[in-house]
Amino acid sequence: MKKAFFIILGILVCFVIGLVVISHSMNTKDTESANRRIALLMNGSREDHSYCQAQFEGMLAYAEKSGDEVVYYDNVAPDERYTDLVEQLIASGYGIIVSDSYIYEPAVTELAHAHPDVYFLNASGTQSAGNYSSYLGRLYQVRYLTGIVAGMQTKTNKIGYIIAMPTPETIRQANAFTIGVRKVNADAEVYVRYTNHWNNDKIAETVTKKLIKEQDIDVLTLHTNTIMPLRVADENGIYTIGNNRDNRDLFPNTYLTACVFDWEPFFEERIGECNRNKFTGKHYWEGMRTGLVQLAPLTDLVSPSVRPILNAEKHKIINGEYDVFFGPLSDRSGYIRVRKGENLPDTQLLQHMDWYVKGVSLE
Amino acid sequence: MSDKQRVIRWNHSIMRLLLTLAVMLLVLLAIGLFLYLRVNTLLNVYMEEQGKKQAETLSEVTSRQFEGELKALSTVASEFTKVEEVSVDAISAMQEADHESRIGVQRVDETPYFGVPYGADTFECIESAIHGEQAISYVQGKGLMFCVPAFRDKNVAYVIYRIYPESKLYSHVGVAGYSGFGSVCIMDREGHVVIPARAGENEEKMLFGNRNVDDGFQELARELFTTGSAATFRSTDNGEQMLFAAEIAGSEFYLKGYVPKRVVQEGVEYVAMLVILVFLILAALVFLGGFLLTRLEIRAQESEQLREASLVAEKSNAAKSDFLANMSHEIRTPINAMLGMNEMIIRESDNERVRNYADNIDSAGKNLLSIINDILDFSKIEAGRMEITEAPYQLSSLLNDVSNMILFRARTKDLEFRVDVDESIPDGLYGDEVRIRQVFVNVLSNAVKYTNEGSVTLRVRAGRLPEEEEALNLIVTVEDTGIGIRQEDIDKLFIKFERVDLLQNRTVEGTGLGLAITQKILQLMGGDIRVQSEYGKGSIFTVTLKQKIVAKEPIGNFRIKFERGLKEIKTYRETFRAKGAKILVVDDTQINLTVIEGLLKKTELGIDTATGGEDALKLTMGTPYDLILMDQRMPKMDGSEAMKRIREQESGCNVHTPVIALTADAMQGARARYLAAGFTDYLSKPVDGHTLETTLVKYLPKEKVVLYEREDAEAAGSAEADESTGGIQTGNGADNAGGIQTGEESSAGGRIRVDTSPEIDVKKIYENCDMLSYEEAIQYLGTDEIMRMTLEQYYEDIKPNADEIEAYLKAGDIRNYTVKVHALKSSSRLIGATALSEEARKLEEAGNAMQDGEDTGAVAEKTEKLLENYRKLSDMIGPYMGTESGGENADYFPEIRQDELYESYDAIAEFAASFDLDSIDLVMEQLKEYRVPDQEQERYTKLKTAVRDSDWEKITQLTKGE
């Protein structure tokens, strides 16, 4: 009898505990607002003075401001290592995975599907899902402005443009740059050369040197993650226009300006949405109006006469009166791609930019 | 179980029941609560799901509306893609149709084409359209804009928009409430109301802005992201409301609203009610079941307890029975020894008084034995071990034995014992003779016991059984003229340990078991016993018992048979001598060996003894015996085992020697069992001399036995018969006339004249000693013999007594002094030292007075005088006592061998170590039959004194110090 009593008591106690646990768990839906832990994975070095460093610094600034816990990985290869690393991070409780390259896109798509509770942010791709957003900025708007600077600065009317490889992104930016150059200097030519590597210093150096040797260029910009082309140009007394990050300290004698990202506010907004469960999976492509992409301040090497026209153009872009690919635009063969009064829609810009505007000179 | 205990137990049960029910109730409440919560939760979840679906539906409606707007614009836009410059007729028409909104077309550079241009910095949808995407934007204060791009080829050429000012929004794109109840509005991501709830509606609208509701919507907003739609319940001033929200597909907006819970849950609450009702019924059933189960359990427990209690009682009863059986057994052994020793006294003593005493001991001992037998029987009955073993027997023989026994008892009480047996009863019957005998003896001795004058009559008749030729109903009636039994006491008669009329019968000995046993035995045999009694006049006990007939030959005139039997009874004497024969007696108890040796001493048999089976085996290997008496119960190897081994000894000399079992085992069927085990015969302990000798004569080789009848014994027998006083009449059937007189006691008949120590001439002592008076002494002591013995003892004691009295007085130990003086007074009077006794008496009185605190003075002086006289007496009678002990036996006994004497000393030393005075006395007794060598005289004398005084230390010292 005593035994039975204790058994009943035990059952009762278990029951009550179970009840409490159940009702507790019923009350705690997925509405908690504790900040998620963040991981940033980069395809290059966090000290590349360029694309990766820009994102790294943006995230660092956000982490400092918010106090969120962020872990950083650089030089992450886009293969199984990326997937394994992300899986491991998720298993350790990381709730926001940020990575910075379209090369990760297939992996991210899969991972986002496998982990609906984890938010994914991946730069330079175009895919999205409920817990997955792609993001980048309309850097072409700034390229257009730097093109104006270059066009006005050149004396030889030959401007170098070192590109890692032709993609809609690189072509779009080179086109925007060229449109800017030609807007102020119809005679100028933009000499585009490919390195075929985003981060290879040696190849970038060789390609740049070859370009300098072949063409009498006096302004050079780039679209690689290595800044070697700028070093080469700087060494050769050629004006340099940076990209992704302001590196004026490195090249005090040649630096004119740069297209830069300011990632911190963007990260703050997106991560905030994650933590408030306000996340919307979509493709972010913000322009100059939000300040994500900016023109770095002009150095003293830039003629003051550039400023009025530059400011006017900047204003038009920011208030929406003008975007870079308004017609009329012709390609290198002279075919009119965009008539006057027309604009290239985003779909064209993002996916079908496979032609260079007039003024681009390829090898 | 007392009432109080019962009440406590009941209370305990109630408490436990209540506790159990309380616990069960708690469990049920918990389950109920859980169920209620669960059902509520599930219903809420269900209703929330419904709410979500409604919200989704509403949002889809809105979404469709939005899509419709965009589609309409797209249709217009498609016009613009076809031609360079298009007319704005279509747009104008649209604008005409709807004055509430404004429609416009502008180029990508925001230059107007139709209507008012809007900047991309104002309406985001303009920028989206410039970039080729349809979009909807809401700007607070300006309104809601739908915007689509117009493509020319792949490029965006124009942007077409339609803008609804805030004030007009509801009527155009507003959403009706949930089934007509509640309110719905559309919000943007920033939380601005894009399309307000139906304007001017009832007070429900006011719920927006209610803190609790806002909190609910915030929660919904969080949920919205993952699910696309959400719903929850919140209580408000207007009762409980369901809040819901859903994203509007294809836009940045979402829809939120509320509806009274009652609208949503229409009918659903009955489900909860139903579930609760079912649960309550279930709970009641469980509760009821629990109650019944607990009650059943309590009952089961109670019966369990009862069962346990009865088990315990049974066990303790069995333990008691076992204890009784064992005790009886244990007591029988010493009684056996006592009776044996006593038998020796009876045989060896010529002194009439001593023999009288011994007879009394014998009678008391046998009485005790019969009581113990009663107890043993009863414990067997209780233990269910009483067996009835049936065998053919002769009724006449049985009646003969019983009558003999009762006759003797009746005679000692001066009662007339009549026997009346129907001549026609068949003599050969079949039944348990032993138990029937026990019944007869019990009933008859009872009659004798409770009859103080008059007669006891035994009548035996046979009742015919009509159906059975081969059986008869034995009807035995015992009628007495005794004290009778009160009517109300008759029922108590057969209850164990119950003795009726105690006041009157307190002098009657007995256990109160006799009749109970009788009744039980009769029940076992299928008979019964009845009593009729008249208080103060007498009782009639009638035993009825069915017996099978073996031989139809009638019993005839029992009187004649009985008479003949009586004549055959001989007084006890050694019936034979067997000088050349040799027997072995095996018993683990030394006393038993001594008894048998004593009993057989005069037969001149050679007797070897062994104290165990193994010893016996050794002896039987070397010595051929004519007979072996074997105790059954021995440690290590029991009698059966020893007997079997003796039979199997290959080179043994006793393979065919008769072995007779000795056992205290009085169990039914013992004899048969022992014979079956291979024993030649069986002797029940305590062994009486007669049976023992008869058995020996039967089995000893005839050539070695000389049957022996002493003339004087016969003479003594007939003389005693003549002198006997008790008369009995035995009669057969109607013939009651012929009386016979018998004078024989069944077992304690003739006495053997024992050769004893030489006479000290007592008379001579008394003649020569003026301190002693023969006349006084003979008055107390009766015979010269006793006088001699007493005098001897007295003489021996004088010196130590005197010394002690002196010492006690000196030490001031008045108490012991007084005791001693008192003893001196008594003993002196016995031997006729009257003056000395008187002196001692006075001092005793003085001693008593001193103990009471009075000082009578001059005690020391008087004591000195007393002791002087005391010692003088010693001097006077000393010469007649001869040299100590030497005089006792010097001439009559053979001198003991040195080694035998030392053996005896060793034995005494051993017994002394275990304070076994009885055994020591036995050894000393044996020593008396020898003459102790002169050089050992001193020590022997001292030893005798030490044994008499039970001075253990001294005994040990004397027997060990060689």
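Criteria and thresholds
- Residues numbered from 1 in each chain as written.
- Chains lettered and ligands numbered in written order.
- Predicted model: local features only at pLDDT ≥ 70, side-chain atom pairs only at ≥ 80, totals over all residues.
- Helix = DSSP H or I, 4+ residues; strand = E, 2+ residues; numbered from the N terminus.
- Pairing = 2+ DSSP bridges.
- Axes fitted to C-alpha atoms, helices over the stretch in contact; angles between N-to-C directions.
- pLDDT = per-residue confidence, 0-100.
- Contact = placed C-beta atoms within 7 Å.
- Buried ≥ 20, exposed ≤ 12 C-beta atoms within 10 Å, placed from the backbone.

(A) Structural context of the environment of threonine 206 of chain A. Within the secondary structure, threonine 206 of chain A sits in helix 7 (residues 201–214). Between the C-alpha atoms of threonine 206 of chain A and proline 229 of chain A, which are 23 residues apart in sequence, the distance is 8.7 Å.

(B) Here's a closer look at the sheet that holds strand 8 (residues 229–236) of chain B. Residue and element names in this part refer to chain B. With antiparallel pairing, five strands are arranged side by side in an open sheet as 7-6-10-9-8. Two strands in the sheet have a free side with no partner beyond their single neighbour: strand 7 (193–195) and strand 8. Neighbouring strand axes in the sheet, compared pairwise and without regard to direction, differ in orientation by 30 degrees on average. Note: strand 6 (residues 183–187) against strand 7, two bridges, orientation antiparallel. Each residue of the ladder has a partner; that of isoleucine 186, found in strand 7, is isoleucine 195.

(C) Quick peek at the confidence of the model for chain B. Residue and element names in this part refer to chain B. With 82% of its residues at a pLDDT of at least 70, chain B reaches an overall mean of 76. Predicted confidence is poor over residues 710–758, with pLDDT under 50, and the contacts of this stretch with residues over four places away or in other chains come to 97 contacts. Note on residues 883–891: pLDDT is under 50 here. Beyond four places in sequence and across chains, it has 14 contacts. Scored as a complex, the prediction yields pTM 0.48 and ipTM 0.81.

(D) The sheet that holds strand 2 (residues 70–73) of chain A, seen in detail. Residues and elements named next belong to chain A. Taken together, six strands build an open sheet; the order of strands is 2-1-3-4-5-11 and the sheet is parallel. In this open sheet, the two strands that pair with only one neighbour each are strand 2 and strand 11 (283–286). In this sheet, adjacent strand axes meet at a mean angle of 20 degrees when their direction is disregarded. Two elements, strand 4 (residues 119–123) and strand 5 (residues 132–137), share four bridges in a ladder whose sense is parallel. Residue pairing in the sheet places phenylalanine 120 in a bridge with tyrosine 132 of strand 5.

(E) A look at the pairing of strand 19 (residues 582–586) of chain B. Residue and element names in this part refer to chain B. Within strand 19, four of the five residues are buried, leaving the element largely enclosed by the surrounding structure. Alignment of strand 19 against strand 20 (residues 606–610), held across five bridges, turns out to be parallel. Along strand 20, the bridge assignment pairs leucine 584 with aspartate 608. Pairing geometry for strand 19 and strand 21 (residues 627–631), over four bridges, is parallel. If you follow valine 585 over to strand 21, its bridge partner there is leucine 629.

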